Amino acid sequence: MTDPMPPLPSAGSPGDAGAAPGPAAAPAAPLSFYDEVGGHDTFVRLVDAFYRGVADDEVLRPMYPEEDLGPAKERLTLFLVQYWGGPTTYSQERGHPRLRMRHASFHVDPDARDRWLAHMRVAVDELDLPPLHETTLWDYLQRAAYAMVNTFEPSGIGPAAGTRSSASFPVSAAPPAEPGPDR
């Protein structure tokens, strides 16, 4: 007769690596991008660096009616914090972001977009984020900037629309060519 099998150890017995695990711990909630990059302080640093550039920009600065850029800084900070998973203070105070609607009254042409992106690029670089976070943030900022363009009329840099000669930009299509004998 064979010896009976020894009893199996109970789950979690000391020294038993092969035992079934005890009750599973609840998985931790994943961190938001907001938390991963350092939270509120990171977005304050981003926005402060961005507005240092805007303050002296002859195209962008006139878009901010307040003499002090403080209110604009606060709005952008709250928006970015909320967008990236932080507190929803922006929506609580201002409602839905409606970015295109809020920017519709401003002359956002490709020049303004490119200036905005140039100042934002400096600001993002100052954060010195890990590459994946930097790329994620920059991708969003570029897409948002392109989406805000609402005109292709010049903003005063370069020749104004009224000073172009009609020869340089055709206003109407050329008349169709007369069919010739070889057509």
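Quick note: structure is the one above.
Residues numbered from 1 in each chain as written. Predicted model: local features only at pLDDT ≥ 70, side-chain atom pairs only at ≥ 80, totals over all residues. Heavy atoms only, no water.

A. Just the packing of helix 2 (residues 40-54) against helix 6 (residues 110-127), in detail. Viewed as axis vectors pointing N to C, helix 2 and helix 6 meet at an angle of 140°, and their least axial separation amounts to 8 Å. On the basis of the axis angle, helix 2 is oblique to helix 6. For the crossing formed where helix 2 meets helix 6, the hand is right-handed. Every residue of helix 6 that contacts helix 2 at Thr42, Arg45, Leu46, Ala49, Phe50, Arg52, Gly53 and Val54 is listed here: Trp116, His119, Met120, Ala123, Val124, Glu126 and Leu127. (Axes fitted to C-alpha atoms, helices over the stretch in contact; angles between N-to-C directions. Helix = DSSP H or I, 4+ residues; strand = E, 2+ residues; numbered from the N terminus. Parallel < 35°, antiparallel > 145°, perpendicular 65-115°, else oblique. Left-handed = near helix turned anticlockwise from the far one by under 90°. Contact = heavy atoms within 4.5 Å.)

B. Spotlight on the nonpolar core. The biggest cluster of nonpolar side chains holds 37 residues, and the ones touching the most others in it are Leu80 and Met120. Secondary-structure elements contributing two or more residues to this core are helix 1 (33-36), helix 2, helix 3 (70-83), helix 6 and helix 7 (131-148). Those residues in contact with Leu80 that sit more than four places away from it in its chain are Phe43, Leu46, Val47, Tyr140 and Leu141. (Core = buried A, V, L, I, M, F, W, Y, C linked by side-chain atoms within 4.5 Å. Buried < 20%, exposed > 50% of the residue type's maximum accessible area, 1.4 Å probe, protein only.)

C. Seen up close, the packing of aromatic side chains. Tallying each qualifying case throughout the model produces ten aromatic pairs. Aromatic side chains Tyr51 and Tyr64 sit 5.4 Å apart centroid to centroid with 80° between the ring planes, which places their arrangement in the edge-to-face category. Pair noted here: Tyr51 is in helix 2 and Tyr64 is in the loop between helix 2 and helix 3, with a separation of 13 residues, a long-range link. Each of the two residues, Tyr51 as well as Tyr64, counts as buried. Aromatic ring contacts, followed pair by pair, group Phe33, Phe79, Tyr83, Trp84, Tyr90 and Tyr140 into a single cluster. (Phe/Tyr/Trp six-rings, centres within 6.5 Å; stacked < 30°, edge-to-face > 60°.)

D. Structural context of the environment of Asp48. Assignment of secondary structure puts Asp48 in helix 2. Under the relative-accessibility criterion, Asp48 is labelled partly exposed at 30%. Here the alpha-carbon distance between Asp48 and Thr77, two residues 29 residues apart in the chain, equals 9.0 Å.

In short, the description is geometric, and any link to function would need to be established separately.
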